[in-house]
Amino acid sequence: MFAPFRQDLARNYLDLVIQLLQTKEMVLQQLSKESEERKNQGIMLGSLVCYDKNTNEQIILLAVSGIAKQLVFASQNSKSFFYKNQHFVIVDPIVPPENIEAALCENDREIHTLTEKINLLKENGEGELDSCQELISKRTLLCSQSLEKVFDLYSFTIFNGSTLTLREIIKNKGDKLPPTGTGDCCAPKLLSYAFAHNLQPVSMDEVYYGADTKNKKNGVSYTPCDERCGYILPFILGLEILYRDEQIVVINKASGLLSIPGRTEDKKDCATSRLKNLFPQCIEQPSVHRLDMETSGLLVMAFTAEAHRTLSIQFQNGDIEKEYIAVLDGILQKAKGQLAPKNGEKSGHMELKFRLDVDNRPHQIYDEENGKLGITDWELMETFSMKTRRDGERRPVTKILFKPVTGRTHQLRLVSSDIHGFGLPIVGDTLYGHCEQGERLLLHSCKLSFNHPQTNERMTFICPPEF
């Protein structure tokens, strides 16, 4: 993951923690029995520098990775204490170790018994027998059940002060289970505590402490891990941050999230409001361009007025390169649209005019006389079949790479669905097609290229879709 906040301030306090550990003024207290394979392994130390939104006091949160150990300040009885006039708080694990042990206990003995039987069969050269495979399948089922019981224990306080369970996150991810230990890294502990106590994050860093390994070196800072933190932090933060500096931020906007606030109160939650919640120093209107609420993918926003002006000019002059991936509901070669490929065409160029349907807002309609010109290049990627959410049946679909030259409202959704275009709506399109329950619009901004507003360096971001 890209570091969501600046790291330098938090790193200063982690250097202090390491110094205190070396002088024994701080210790790593064992919270639960340490397994043999984890004995003598290093840990991640995490720090989140915040300020209290009510008092403006600076508070430094500290945490360690995992559930087996906890930082303890030797001369303090409290987890909240002052040291050299700085207010420190040691953050507990999201779930107490004893609760996790209790969740694992029910199947633990049977899993160990199965493992012994499996190992014995393998030692005797019988690892491929049906009896061994049956034992392996049974063990896998028990392990999955135990893992799900553990996941049910996790709940996080997120960016807006509400709580979100790991089970809800898993459901949002299409029931894709995360790795073991998700929620036990430093970052989710620190951020969940900060949001639960009305603290504003400023700087966050994690440092590896212990013997060097193949992947980690003692005393080196690391960003949150892709495997576990990358799974849950976008939900805790409210945004998936792909890049950030003092001028700009690039996010992977989730489907269903507005780019900018709507007019009514129920439409205030959006990418820009979430950005300003995380970064209060941001300008009032950071949005440079928009994605439809149902469209996911790359969105660049500006922290400063000068960055906003420079990026806006690039968009106006057509200096921004954009690519989208869409899944159309049907086989393109068999579509009825005027631009359906003929003779095996794999790419093309379309110019169609659309305007707002004033009697059916926010729909756009084809209008050769009064419409605004939308220009789109496209490439046929593949045709395949996909399951529907409703009944599990498969339906034929076509994956298309769009390269819009202009940026008209609903441009790609219209050139897909309108009879003057492909005549095939994008899967999950609530406005121009059909959307099954639990389905989303399969349109994703996968590539964005622009010049950095301060350095003028050409920057290209690639973000593959989840579909």
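Bear in mind the structure is a predicted one, so any value in this text is a computation, not a measurement. (Residues numbered from 1 in each chain as written. Predicted model: local features only at pLDDT ≥ 70, side-chain atom pairs only at ≥ 80, totals over all residues. Heavy atoms only, no water.)

**So, the overall build of the chain**
Reasoning step 1: Regarding its fold elements, the chain presents nine helices and 20 strands.
Reasoning step 2: A principal-axis box enclosing the C-alpha atoms of the chain has dimensions of 80 × 65 × 40 Å.
Reasoning step 3: Taking all 467 residues of the chain together, 46% fall into the buried category.
Reasoning step 4: Entry remark: accessible area of the chain is about 24,000 Å², with carbon and sulfur atoms responsible for 47%.
Reasoning step 5: Once the 55 positive and 62 negative side-chain charges of the chain are each reduced to a mean point, those two points are 1 Å apart. (Helix = DSSP H or I, 4+ residues; strand = E, 2+ residues; numbered from the N terminus. Buried < 20%, exposed > 50% of the residue type's maximum accessible area, 1.4 Å probe, protein only. Areas by Shrake-Rupley, 256 points an atom, 1.4 Å probe, with all protein chains shown as cover. Lys, Arg positive; Asp, Glu negative; His and termini not counted. Charge placed at Lys NZ, Arg CZ, Asp CG, Glu CD.)

**A word on the packing of helix α2 (residues 97–123) against helix α3 (residues 130–151)**
Reasoning step 1: Viewed as axis vectors pointing N to C, α2 and α3 meet at an angle of 165 degrees, and their least axial separation amounts to 9 Å. By the angle between their directions, the pair α2 and α3 is classed as roughly antiparallel. Seen along the crossing, α2 lies across α3 with a hand that is left-handed.
Reasoning step 2: The class makeup of the residues in the contact of α2 with α3 is 13 nonpolar, five polar and seven charged. (Axes fitted to C-alpha atoms, helices over the stretch in contact; angles between N-to-C directions. Parallel < 35°, antiparallel > 145°, perpendicular 65-115°, else oblique. Left-handed = near helix turned anticlockwise from the far one by under 90°. Nonpolar A, V, L, I, M, F, W, Y, C, P; charged D, E, K, R; others polar.)

**Quick notes on α2**
Reasoning step 1: In the structure, α2 departs most strongly from a straight axis at cysteine 105, where the bend amounts to approximately 50 degrees.
Reasoning step 2: Of the positions making up α2, those classed as buried are Pro97, Ile100, Ala103, Asn107, Ile111, Leu114, Ile118 and Leu121.
Reasoning step 3: Those residues of α2 that are buried lie in contact with α3. (Bend = angle between axes of the 7 residues up to and from the residue. Contact = heavy atoms within 4.5 Å.)

**Some details on the pattern of salt bridges**
Reasoning step 1: Following the criterion strictly, the structure yields 22 salt bridges and no others.
Reasoning step 2: Between aspartate 367 and arginine 355 there is a salt bridge; the shortest N-O distance is 2.5 Å. Of the two residues, aspartate 367 is situated in the loop between β16 (364–366) and β17 (372–387) and arginine 355 in strand β15 (residues 347–356); the sequence distance between them amounts to twelve residues.
Reasoning step 3: Overall, the relative accessible area of 13% leaves aspartate 367 in the buried class.
Reasoning step 4: Among the salt bridges present, the one from glutamate 379 reaches lysine 403, with a minimum N-O distance of 3.0 Å. Here lysine 403 lies in strand β18 (residues 394–404) and glutamate 379 lies in strand β17, a separation of 24 residues in the sequence.
Reasoning step 5: Note on glutamate 379: relative accessible area 32%, which makes it partly exposed. (Salt bridge = Lys/Arg side-chain N within 4 Å of Asp/Glu carboxyl O.)

**Observations concerning the sheet that holds strand β2 (residues 43–52)**
Strand pairing within a sheet occurs via backbone hydrogen bonds; the two strands may be parallel or antiparallel.
Reasoning step 1: Spatially, the six strands line up as an open sheet ordered β5-β6-β3-β2-β9-β10, and their pairing is mixed. Because the sheet does not close on itself, it has two edges, and the strands there are β5 (80–83) and β10 (221–222).
Reasoning step 2: For strand β3 (residues 58–64) and strand β6 (residues 86–90), the ladder comprises four bridges, and the chain directions are parallel. In the strand pairing of β6, isoleucine 60 is matched with phenylalanine 88.
Reasoning step 3: The strands touched by helix α1 (residues 8–22) within the sheet are β2, β3, β5, β6, β9 (199–209) and β10, with β9 carrying the most contacts at an inclination of about 50 degrees.
Reasoning step 4: On the sheet, helix α5 (residues 186–196) packs against β2, β3, β6 and β9 and is oriented at approximately 160 degrees with respect to β9. (Pairing = 2+ DSSP bridges.)

**Some thoughts on the pairing of β5**
Reasoning step 1: Along β5, the buried face is formed by Phe81 and Tyr83; none of Ser80 and Phe82, which line the opposite face, is buried.
Reasoning step 2: In this structure, β5 lies alongside β6, joined through four bridges in antiparallel fashion. Pairing of phenylalanine 82 across the sheet is with histidine 87, part of β6.
Reasoning step 3: Linking β5 back to β6 in an antiparallel pair, the connection comprises two residues, with lysine 84 at a positive phi of about 55 degrees.

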